[in-house]
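Notes for the structure review
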Amino acid sequence: MTRKIRVLIAKVGLDGHDVGARVVARSLSDAGMEVIYTGLRQRPEQIVLAAIQESVDLIGISILSGSHMTLIEEIICCLQKHEAGDIPVIAGGIIPYEDIKMLKEIGVVEVFLPETPIQEIIEYVQNIIE
Amino acid sequence: MGDNEQLGNLQNAKTTWEKDCLEPWLKRVPERRREFQTDIGLPLKRVYTPIDLPEVDFDYQKSLGFPGQYPFTRGINPTMYRSEPWIVRAYSGFGDPKLCNERYKRLMDLGVDEITMAVDLPTQVGYDSDHIMAKGEVGKVGVAIDTLRDMEILFEDIPLSSLKRVAMLGNSFGPIALALFIALGEKQGLRPSEFVVDLQNDVLKEYIARGTYIFPIRPAVRVATDVVGYCARNAPHWYPMTFCANHINTAGAGSSKAVAFALANGLCYIEHLMEKGYKIDEIAPLFTVFCDDRADFFVAICNSRATRRVWARIMRERFKAQDPASLGIKICAYSHGGETLLEPTNNIARITLAALAYILGGVQFLSNASYDEVLGTPTVDAAKTSVRIQQILAHELGIADIVDPLGGSYFIENLTTQIENQILRELQKVEEHGGAVAAIENGYYVSQLTDGAMRRKREFDTGERPSVGVTKFRSESKIPTGAFRIEPTVEARQVERLNKVRKERNTNAVKDALEYLREVAKSGQNLVPPALEAVRAYSTIGEMCDVLRDEFGEYQGKEYFSKKGSEK
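Residues numbered from 1 in each chain as written. Chains lettered and ligands numbered in written order. Predicted model: local features only at pLDDT ≥ 70, side-chain atom pairs only at ≥ 80, totals over all residues. Heavy atoms only, no water.

1. Let's talk about the overall build of chain B
The condition that has to hold: Elements are defined by DSSP. Helices are runs of H or I of four residues or more, strands are runs of E of two residues or more, and each kind is numbered from the N terminus. Computation of the radius of gyration draws on C-alpha atoms alone. For the globule rule, the value is 2.2 Å times the number of residues to the power 0.38. When accessible area is computed with a 1.4 Å probe and restricted to protein chains, residues below 20% of their type maximum are described as buried, those above 50% as exposed, and intermediate ones as partly exposed. Any two residues whose heavy atoms approach within 4.5 Å are treated as being in contact. What sets the accessible areas is the Shrake-Rupley method with a 1.4 Å probe; for residues, cover comes only from the shown protein chains. Counted as positive: Lys and Arg. Counted as negative: Asp and Glu. His and the chain ends are not counted at all. Here the site of a charge means atom NZ of a Lys, CZ of an Arg, CG of an Asp or CD of a Glu.
Scanning chain B from terminus to terminus reveals 22 helices and ten strands. For chain B, whose C-alpha radius of gyration is 24 Å, the value lies close to the compact-globule estimate of 24 Å for 568 residues. Its C-alpha atoms put chain B at 85 × 60 × 55 Å along the principal axes. Buried residues in chain B amount to 60% of all 568 residues. Of all intrachain contacts in chain B linking residues separated by at least 6 positions in sequence, the fraction that spans at least 24 positions is 77%. For chain B, the exposed surface amounts to about 22800 Å²; the carbon and sulfur share of it is 52%. Side chains of chain B carry 70 positive and 76 negative charges; the gap between the two charge centres is 3 Å.

Below is the structure:
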């Protein structure tokens with residue numbers, strides 16, 4: 001029996017718009033994954049500790065507030081500090097296209113912009129975990 | 001010939017048309033779908049005739065009446081835009097106050113009636129710009145406001161009396177927001193009677209659809225309603241609260257369910273105030289409602305009409321309100337929904353059509369999204385276009401020359417009542433859960449939103465609801481670049497300004513004012529007077545909110561989704 005893929009979906013910082021995060025969370029769950037959604041206002045360290053505690057295979061960050069560079073960089077640093085740098089991080093939300101390259105340079109594996117079909121995200125997660 | 005006989009003849013004529021004209025036609029030219037439906041699940045007939053009025057109990061006097069009279073379906077006053085167009089609002093804010101002041105001056109040049117301040121997230125959740133949680137967030141989604149000094153800079157050369165209304169989108173610290181405007185007015189030499197303040201101040205929706213809550217729910221309701229109570233006695237020409245369906249709709253509810261949830265929230269505030277001893281006619285006139293439909297043009301029109309009628313009936317039947325100002329509620333709208341990241345200039349058409357729908361529905365306050373808002377903070381050109389769209393709608397083409405021009409349309413009247421019925425059914429469900437606070441706490445609201453959001457995403461992805469340029473007629477995949485950027489030095493500049501204020505102010509005055517605020521927080525009296533004293537002394541938003549956090553606690557956000565298929 002294959003172990004279910006475990007995913008942590010998190011909202012980092014003060015941004016309170018979580019429709020996208022909940023849709024992704026429920027869609028991944030409907031696709032057979034174990035999903036933990038942290039809710040709002042998570043600090044980078046809280047997200048990392050939750051990810052480690054829940055033994056997740058992937059972290060998905062939702063952020064619409066424009067503070068993605070600062071906060072995602074902190075998450076990645078914190079993952080490395082806790083020796084969990086092998087957990088892939090994906091991001092989504094309102095992120096300028098030009099920033100995707102920079103996010104990938106600091107270690108984000110993929111960024112999903114608005115209008116991405118949900119099936120694309122599901123398949124990406126399934127492929128990257130295998 | 002009696003009415004029934006006329007309808008009978010009409011039904012026969014329709015049956016003949018179906019047999020002789022429609023059916024042969026359909027064999028050659030089928031319709032695009034087997035069934036047509038709105039985003040909110042209401043079936044759409046092919047064509048509407050007088051036959052479709054009895055099923056909604058249409059009676060001109062009962063269902064419509066005349067504009068400016070109960071039940072206000074046709075309009076909030078007798079002449080509507082023939083006297084004055086709706087108020088043209090610009091929702092705007094970013095960076096630090098000095099930077100944002102420039103944008104506000106540009107907006108004034110363009111001729112806006114109202115500026116609604118977008119304040120940044122640290123401000124909205126009661127943190128100073130140098131708080132640890134503010135890092136990276138200062139000045140991003142709105143302008144950073146830490147003290148009265150920032151308001152003075154923000155409105156330099158912009159007297160509050162030069163705008164029809166001035167607004168702030170602070171929802172969790174209402175008394176402080178109100179105090180900031182009162183104190184700013186004082187600095188500008190203005191009495192409250194000389195300008196008009198509008199606060200969204202609808203904290204209940206924050207727990208489910210917007211997320212800028214600070215305190216636990218019950219104290220938060222007190223904080224928000226203190227502002228209404230204060231204005232009822234001191235500034236009844238102000239707008240201390242707009243209960244919002246818009247955000248709830250955006251979060252997935254669908255427009256009628258969103259109005260129902262918003263109404264439940266509004267009724268919670270009203271009941272709280274009445275328990276404190278306010279009479280309905282003292283407070284109801286101070287509420288406005290923010291509603292929209294982001295998916296269907298005609299639903300957006302009818303939603304406004306239905307909302308006015310629902311409110312009027314509830315106010316009269318449930319609360320026995322007498323004052324027409326209590327019975328007729330003013331509506332605020334935001335033209336958005338369906339905007340795409342690809343081909344952003346297409347959004348100009350979407351925004352224009354949404355705005356037109358709200359105008360045809362008779363709203364009082366309108367702001368347009370900007371066509372590049374999907375990329376980030378609006379550029380000045382996009383903000384300008386949004387203002388010009390409203391002005392074109394108001395002054396060209398004669399749209400503003402007739403009150404409720406679509407009233408009497410068989411379709412519009414049928415749909416208005418269907419929507420009204422849907423709103424009432426959904427409101428009843430919330431009340432069966434125990435009302436707004438219960439529906440937040442037991443997760444009912446949030447599960448409804450997620451269900452709706454899932455459906456919308458599915459309809460978008462499958463193309464069931466086409467998105468031009470994205471899922472239909474896609475000709476390019478170039479994601480636009482050039483999003484508006486907040487200068488990276490904004491945060492440091494703002495912190496410097498904040499430190500300067502802290503150094504220069506009278507620390508004893510601040511200490512005393514914060515003590516007074518604490519006492520009133522404990523005693524249950526109105527929070528606006530102590531907030532005003534604290535604001536005048538240049539207390540920071542963080543300091544004032546920290547006092548309230550000490551007394552009320554902080555809301556512990558819930559994790560609504562943890563296991564497959566279950567929502568907490």
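2. Notes on the nonpolar core
One recurring pattern in soluble globular proteins: nonpolar side chains tend to sit buried together. As a reminder of what qualifies: Joining through side-chain atoms within 4.5 Å is the link that ties buried Ala, Val, Leu, Ile, Met, Phe, Trp, Tyr and Cys residues into a set, and such a set is a nonpolar core.
Met117 and Met315 of chain B are the most contacted members of the largest nonpolar core, which has 192 residues in total. Ranked by the residues each element gives to this core, the list is headed by helix 10 (residues 255-275) of chain B, at twelve residues. Among all residues touching Met117 of chain B, those that are not within four sequence positions of it are Tyr91, Ser92, Tyr104, Val143, Ile145, Met151, Leu154, Phe155, Ala167, Met168, Leu169 and Phe181 of chain B. By size, the runner-up hydrophobic cluster in this structure holds 31 residues, among which are Ile36, Ala84, Ala91 and Val111 of chain A.

3. Let's talk about the interface of chain A and chain B
How big an interface is tends to be expressed through the accessible area that disappears when the partners come together. The line we're drawing: Throughout, the accessible surface (probe 1.4 Å) given up by two parts as they are put together, summed over both, is called the buried area. Throughout this description, the term salt bridge denotes a Lys or Arg side-chain nitrogen within 4 Å of a carboxyl oxygen of Asp or Glu. Residues are sorted three ways: Asp, Glu, Lys and Arg are charged, Ala, Val, Leu, Ile, Met, Phe, Trp, Tyr, Cys and Pro are nonpolar, and all the rest, Gly among them, are polar.
Contact residues are listed per partner, giving 42 residues for chain A and 51 residues for chain B. Contact between chain A and chain B buries roughly 3700 Å² in total, counting both sides, with carbon and sulfur atoms accounting for 57%. The largest per-residue losses of area from chain A upon contact with chain B belong to Leu14, Arg26 and Glu115 of chain A, which jointly make up 22% of the total buried on that side. Viewed at the interface, chain B and chain A are joined by four salt bridges. Between Asp451 of chain B and Arg26 of chain A there is a salt bridge, with the nearest N and O atoms lying 2.8 Å from each other. Broken down by secondary-structure element, the contributors of at least two residues to the side of chain A that touches chain B are helix 1 (19-30), strand 2 (34-37), helix 3 (68-81), helix 4 (97-105) and helix 5 (118-129) of chain A. Tallying contributions element by element places helix 1 of chain A first for the side of chain A that touches chain B, with eight residues. Its residues assigned to classes, the side of chain A that touches chain B comprises 16 nonpolar, 14 polar and twelve charged.

4. Brief notes about the sheet that holds strand 3 (residues 165-168) of chain B
All names here are of chain B. This is how the line gets drawn: Being paired, for any two strands, means DSSP has found at least two bridges between them. Lines fitted to C-alpha atoms define the axes here, with helix axes fitted over just the stretch in contact, and angles between the N-to-C directions of these axes take values from 0 to 180 degrees.
Pairing is parallel in the open sheet, where eight strands are placed in the order 4-3-2-1-8-7-6-5. Taken across any chain shown, the strands that pair with only one partner, and hence form the sheet edges, are strand 4 (197-199) and strand 5 (241-244). Averaged over all pairs of adjacent strands, the angle between their axes in this sheet comes to 25°, without regard to strand direction. Where strand 6 (residues 287-290) and strand 7 (residues 330-335) come together, three bridges link them in parallel fashion. Paired with Thr288 across the two strands is Lys330, which belongs to strand 7.

5. Observations regarding the pairing of strand 2 of chain A
Residue and element names in this part refer to chain A. The alternating pattern of strand 2 places Glu34 and Ile36 and Val35 and Tyr37 on opposite faces, both of which are buried. In this structure, strand 1 (residues 6-11) lies alongside strand 2, joined through four bridges in parallel fashion. In the strand pairing of strand 2, Leu8 is matched with Ile36.

6. Some thoughts on the confidence of the model for chain B
All names here are of chain B. Using the following cut-off: The predictor attaches a confidence to each residue, and that confidence, scored 0 to 100, is pLDDT.
Mean pLDDT over chain B works out to 95, with 98% of the residues at or above the 70 mark. Note that pLDDT drops below 50 for residues 562-568; the model gives that stretch 22 contacts with residues more than four away or on any other chain. Quick note on the complex model: pTM equals 0.96, ipTM equals 0.95.

7. Points about the environment of Val299 of chain B
Residues and elements named next belong to chain B. Looking at where Val299 falls in the secondary structure, it is placed in helix 12 (residues 297-317). Considering only alpha carbons, one finds Val299 and Thr416, 117 residues apart in sequence, at a separation of 7.9 Å. Aside from chain neighbours lying at most four places away, what touches Val299 is Thr38, Ile40, Ser255, Asp293, Leu415 and Ile419.

8. A look at the sheet that holds strand 4 (residues 89-93) of chain A
Residues and elements named next belong to chain A. Taking strand neighbours across the sheet as the criterion, the five strands line up as 2-1-3-4-5 in an open arrangement whose pairing is parallel. Looking at which strands have only one partner, the edges of the open sheet turn out to be strand 2 and strand 5 (110-112). On average, each strand axis in the sheet is inclined to that of its neighbour by 20°, with strand direction left out of account. The strands touched by helix 2 (residues 44-53) are strand 1 and strand 3 (58-63); relative to strand 1, the strand with the most contacts, the crossing angle is about 165°.

9. Comments concerning the pattern of salt bridges
Oppositely charged side chains may form a pair once their charged atoms are brought near each other. Residues and elements named next belong to chain B. By the definition in use, this model includes 56 salt bridges over all chains. With its nearest N and O atoms 3.0 Å apart, the salt bridge here joins Glu55 to Lys45. Residue Glu55 is found in the loop between helix 1 (3-28) and helix 2 (60-64), and its partner Lys45 is found in the loop between helix 1 and helix 2; the two are separated by ten residues along the sequence. Of the residues examined, Glu55 reaches a relative accessible area of 47% and is grouped as partly exposed.

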